[in-house]
Amino acid sequence: MSTNLPETVDAVRMLSGRRCFEGSLPISAFARFAEALERSAGDVSYALEFGRDALGVDFLDIRASCTPWLTCQRTLEPYQQPLEVAQRLGLIRREADEAGLPEGYEPLLLPEDRQLQLRELIEDELILALPLVPARPDAELPEQYVEIAESVEEPKPNPFAALAALKKN
């Protein structure tokens, strides 16, 4: 098991050696992920494992966790939300091999040079784990918006209701 995360690795060599990597990196090391956040403070803990399952499918398990700062879309205030990533990537050499992956595997097409950029793979999974609309679970709308929401919810009388009554007769 290694605590250093290499920039690139040869996927075939990692699979044959059943290599694992564990450690943590600052959130700021993931530029695309950090762009989506309120602040890039904190660390991402990760664990990567290369292997082959009982069916002979090559895989890369990615587990990562962090507590990034997001902007609540209800209150527009920053808050921290725990993120957990647990993804098994099925390493395929041709697009046609995707159909043969077992359930629960996401396909990862190996490049011709077999080199994988591990940090980018972790970052991709973190970005996918972000909520589409971040909102603190205990957040309430500010009072000014509650009044607007209540006025919108009041049903307006249907101008054609009288016609419907005539049609029934």
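Residues numbered from 1 in each chain as written. Predicted model: local features only at pLDDT ≥ 70, side-chain atom pairs only at ≥ 80, totals over all residues. Heavy atoms only, no water.

Undergrad: Please explain the nonpolar core as it appears in this structure.
TA: A general trend in soluble globular proteins is that nonpolar side chains are found buried together. Counting residues in hydrophobic clusters, the biggest one holds 35 residues, and the most contacted among them are F21, F33, L48, F50, L116, L118 and I122. Where this core is concerned, the elements lending two or more residues are helix 1 (11-16), strand 2 (20-26), helix 2 (31-35), strand 3 (43-52), strand 4 (58-66), strand 7 (83-92) and helix 3 (118-129). Among the nonpolar cores identified, the runner-up in size contains five residues, and V57, F59, I92 and Y105 belong to it. (Core = buried A, V, L, I, M, F, W, Y, C linked by side-chain atoms within 4.5 Å. Buried < 20%, exposed > 50% of the residue type's maximum accessible area, 1.4 Å probe, protein only. Helix = DSSP H or I, 4+ residues; strand = E, 2+ residues; numbered from the N terminus.)

Undergrad: Sorry, what's going on with the pattern of salt bridges here?
TA: Any two side chains of opposite charge can pair, on the condition that their charged atoms come close. Counting across every chain of the model gives 10 salt bridges. Across the pair D58 and R52 runs a salt bridge, and its minimum N-O distance is 2.7 Å. Looking at D58, the relative accessible area reads 8%, which means it is buried. Looking at R52, the relative accessible area reads 51%, which means it is exposed. Here R88 and D61 are joined by a salt bridge, their closest N and O atoms 2.8 Å apart. A residue pair is termed long-range when its members are at least 10 positions apart, and R88 in strand 7 and D61 in strand 4 qualify at 27 residues. The exposure class of D61 is buried, given its relative accessible area of 11%. (Salt bridge = Lys/Arg side-chain N within 4 Å of Asp/Glu carboxyl O.)

Undergrad: Would you mind showing me how to read the side chain of D61 here?
TA: At 2.8 Å, the side chain of D61 and the side chain of R88 are in polar contact. Once residues lying within four places of it in the same chain are set aside, the contact partners of D61 are A47, L48, E49, Q87 and R88. (Polar contact = N/O pair within 3.5 Å; in protein donor to acceptor, adjacent residues only side chain to side chain. Contact = heavy atoms within 4.5 Å.)

Undergrad: Is there a simple way to think about unusual backbone geometry in this case?
TA: In terms of backbone geometry, most residues other than glycine have negative phi values and most peptide bonds are trans. At R18, a residue that is not glycine, the phi angle is positive and equals roughly 45°. Here R18 shows up in the loop between helix 1 and strand 2. With a relative accessible area of 47%, R18 lands in the partly exposed category. Positive phi values are uncommon outside glycine, yet L76 reaches one of about 60°. Mapped onto the fold, L76 is located in the loop between strand 5 (69-71) and strand 6 (78-80).

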